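Summary of structural features
So you can see what is in the structure, the chains are spelled out below.
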Amino acid sequence: MKALTANRLIDGEVVFWSSGRWVERFGEAELFTDDVPADDAEGRAKSEVTVVIDPYLIEVAETDGGAAPISYRERLRALGPTNTPEHGKQALGGHDIEVIAHASGGARSGGRLNLIKRK
Amino acid sequence: MYQYDALDKEFLADRSAEFRHQVARRLAGEITEDQFKPLRLMNGLYLQLHAYMLRIAIPYGTLNVAQLRKLAWVARTYDKGYGHFTTRTNLQFHWIKLRDMPDILDALAEVDLHAIQTSGNCIRNVTADPRAGATAEEVDDPRVWAEVIRQWSTLHPEFTYLPRKFKIAVTASAKDRTAAKTHDIGLSLRRERDGTLGFEVMVGGGLGRTPYIGKTVREHLPVARLLSYLDAILRVYNRHGRRDNPAKARIKILVAQLGIEEFARQVEAEWALIDASKVDLPDTELARIRGFFTRPDFATLPRVSDAFDAARAADPGLARFARNNVHPHKVAGYAIVDVSLKSIGATPGDASAEQLEVLADLAERYSLGEARVTHEQNIVLPHVKLDDLAAVYAGLKAAELASPNINLVSDIIACPGLDYCALANARAIPVAQDIARRFENADRAELVGELKIKISGCINACGHHHVGHIGILGVDKKGEEFYQLTLGGSGAEDAEVGKSLGPALPANRVGQAIEDLVEVYLRERKGDERFLDTFRRTGVEPFKEAVYAEAH
């Protein structure tokens, strides 16, 4: 599975694509099981240059209780810094946050697709 | 400290207005991110994992009361109530919004602060000994020369697009508290036997992927010739630095490839071509700058304070604080106070808005209005009366700023790591927190003595791991956080790059490994050897054996 993420231009907030709009919670992100709609969404997102910076697809896996980004780096983006649990999205709590917080493994860079730009 | 004049203030106001316009154009879609990114970076604004990060320059680590209070206000108004002091003596805010940036720059400009040249391939913020003007060890005030370099390098048209970033540190004491030999240029002021002041100029130091200790390119540069000589070095670098490969573009690579003798020859040849009268600072201008760093109005006091001695005898906490965090001042009756930003379990280098305000209040009341930032991510109150030490300690303690651990095992440098940084491979902060908790017992920490642990979350080495007595480098090993340990590094006057201990350890073994290393040291040490001295005598073997024994 894949999800589409970016940082919002105006404030840098980590955001996720959800059927044509950007949401702040990973739990509300649209999860793509097929490549074609995922790539289409990425293409649309890249045209939203006054809304987000550098949108990219990430790998997502089903874990106990729900979906979570495979990459540890992406899980940190979806949660917030581990030294300050009161900061970032993790402070909101909720089931989706719990699922991501309890996921394990995964490469820092492995979760980001299309990292090498094709000419 | 240096006071901005009307021209400086006008320039900052213009620069801020310019960036306000650039932000508006970016938000309106009139310029692309590719066009905007270099503009925001020139104003210290990076995009990190969770938000924008703003790096504010603190020239030679010197802050006045108004600046501390303004930083606290910015932290509270625009960030999440704290800031992070870095190994370049800068301050970073980690939760900045682009839409707030123009107002933040305006607010900073009100107290003569900005974020210019905190990013990009230019001459970065110049650092200096945090005890400048307070220690009896120095032969001159290094801030004078750091300010000279700051003015010379600010928006220098020839050196705005160097092959890579360029960092300069200035020290004037034999004891180096600036890590001068890890800088692109390290300047060490010396007084010759004939009384003349000169710089030992060290060049080509640097950490990152290929660490080098700076080499001396000139033993004695007359101080009056500083700027033309810096011009010559920068010109040779600007011409021959490897612009084709960012990983080889720092001056350390050029110096290593040419060899220091050939590099020195080219610098001398270039220097001979420069019209020094147009570059070197006129005596009148030097005198003007020196005028900003005149000796403060110190009181005439006895060398010993009965009040302090009595307070110290009555309070073991104060006594411990005095042993570790208080240092001799050049003026009788005064002391230099190191304020640790490494309380047990805290994030190294972080200070809350409330703590910044306490520091401002204490600096105002007890330290002639000054505070300094150290490259080890701590704060210095440089001019505290011995009579006031107990009050300063009480004020710090109430704000959780009185950790008596300067230079001890829990005084750890750590970069923001993967918790914040877009470049990091692994976290650094939790590793530091774990180690600090293991050495929470202050008696044990003092028994261990000076031990500098430095942690970086990636090979860029912002946490100076190469020059830690124990260095810890986070790596990504098949998706898990692993940590490579190095031993025997030093960033001080006896600078050395640490040696690898062995294969990287998983995150959950690092804390125990540090405890094992300390146990070996305590077993092996002779007399008053520091950890570093023992390691240099015994070599890596006993340490390696302790950490990897059970793995075999």
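Residues numbered from 1 in each chain as written. Chains lettered and ligands numbered in written order. Predicted model: local features only at pLDDT ≥ 70, side-chain atom pairs only at ≥ 80, totals over all residues.

**Some points on the overall build of chain A**
Scanning chain A from terminus to terminus reveals three helices and five strands. Tracing chain A from N to C terminus, the helices and strands come up as β-β-β-α-β-β-α-α. A burial count over chain A gives 43% of its 119 residues as buried. Considering only contacts in chain A between residues 6 or more positions apart, those separated by 24 or more positions represent 58%. (Helix = DSSP H or I, 4+ residues; strand = E, 2+ residues; numbered from the N terminus. Buried ≥ 20, exposed ≤ 12 C-beta atoms within 10 Å, placed from the backbone. Contact = placed C-beta atoms within 7 Å.)

**Let's talk about helix α4 (residues 101-109) of chain B**
Owing to its 3.6 residues per turn, the α-helix brings residues three or four apart onto one side. Turning to α4(B), its buried residues number three or more, namely B:M101, B:I104, B:L105, B:L108 and B:A109. Looking straight down α4(B), one finds its buried side chains confined to an arc of 135 degrees; they lie on one side. (Arc of directions from axis to C-beta.)

**Comments concerning the domain arrangement of chain B**
All names here are of chain B. Partitioning chain B into domains gives domain 1 (6-109), domain 2 (134-293), domain 3 (306-398) and domain 4 (414-551). For domain 3 and domain 4, the distance between their C-alpha centres works out to 27 Å. Counting residues at the interface gives six residues for domain 3 and eight residues for domain 4. Of the residues belonging to the side of domain 3 that touches domain 4, the class tally is two nonpolar, two polar and two charged. (Domains from an automatic or database assignment. Nonpolar A, V, L, I, M, F, W, Y, C, P; charged D, E, K, R; others polar.)

**Remarks on the sheet that holds strand β5 (residues 66-69) of chain A**
The strands making up a sheet associate through hydrogen bonds between their backbones, and the pairing can be parallel or antiparallel. All names here are of chain A. Pairing is antiparallel in the open sheet, where five strands are placed in the order β3-β2-β1-β4-β5. Each edge of the sheet is formed by a strand with only one pairing partner; in this case those strands are β3 (21-23) and β5. Strand after strand, the sheet turns through a mean of 45 degrees between neighbouring axes, direction not considered. One ladder, built from four bridges, connects strand β4 (residues 52-63) with β5; its direction is antiparallel. Among the inter-strand pairings, A61 is bridged to a residue of β5, identified as A68. Helix α3 (residues 95-102) rests against β4 and β5 of the sheet, and its axis sits at about 55 degrees to β5. (Pairing = 2+ DSSP bridges. Axes fitted to C-alpha atoms, helices over the stretch in contact; angles between N-to-C directions.)

**Some words on the interface of chain B and chain A**
The interface of chain B with chain A comprises 24 residues on the first partner and 25 residues on the second. Considering only residue class, the side of chain B that touches chain A consists of 10 nonpolar, six polar and eight charged.

**Concerning the environment of A:Y56**
All names here are of chain A. Tracing the sequence through the fold places Y56 in strand β4. Take Y56: there are 17 C-beta atoms within 10 Å of it, and that puts it in the partly exposed class. Sequence separation between Y56 and T33 is 23 residues; the distance between their C-alpha atoms is 16 Å.

**Examining the packing of helix α3 (residues 65-78) of chain B against α4(B)**
Residues and elements named next belong to chain B. Close contact between α3 and α4 brings their axes to 10 Å; oriented N to C, the two are set at 165 degrees. Comparing the axis directions of α3 and α4 gives the class roughly antiparallel. Note on packing geometry: the crossing formed by α3 with α4 is right-handed. For the pair α3 and α4, contact is made by K70, V74 and Y78 and by I104, A107 and L108, respectively. For the contact of α3 with α4, the per-class residue count stands at five nonpolar, no polar and one charged. (Parallel < 35°, antiparallel > 145°, perpendicular 65-115°, else oblique. Left-handed = near helix turned anticlockwise from the far one by under 90°.)

**Notes on the pairing of strand β12 (residues 334-339) of chain B**
All names here are of chain B. Counted residue by residue, β12 has six buried out of six residues, so it is predominantly covered. Along β12, one buried face is formed by Y334, I336 and D338 and the opposite face, lined by A335, V337 and V339, is buried too. Strand direction decides the pairing type here: strand β11 (residues 326-328) and β12, joined by three bridges, are antiparallel. What sits directly across from P328, in β12, is A335. Pairing of β12 with strand β15 (residues 379-385) involves five bridges; the strand directions are antiparallel. Looking at the pairing, Y334 lines up with K385 of β15.

**Overview of the nonpolar core**
Residues and elements named next belong to chain B. With 199 residues, the main nonpolar core has L68, I233, L359 and L389 as its most contacted residues. Ranked by residue count, the leading element in this core is helix α6 (residues 226-240), at eight residues. Contact partners of L359, with chain neighbours within four places excluded, come to L68, V339, A371 and I379. (Core = buried A, V, L, I, M, F, W, Y, C linked by C-beta atoms within 7 Å.)

**Details of helix α17 (residues 507-524) of chain B**
Helix length check: α17(B) (18 residues) gives 27 Å between terminal C-alpha atoms against 26 Å at 1.5 Å per residue, within 8%. For α17(B), the set of buried residues is B:V510, B:A513, B:I514, B:L517, B:V518, B:V520 and B:Y521. (Expected span 1.5 Å × (residues − 1).)

**Quick look at the environment of B:I379**
Residues and elements named next belong to chain B. Mapped onto the elements of the fold, I379 is located in strand β15. Counting along the chain gives 346 residues from I379 to E33, while the straight-line C-alpha distance between them is 37 Å. Setting aside chain neighbours within four positions, we find I379 in contact with V339, L341, L359, A371, R372 and V373.

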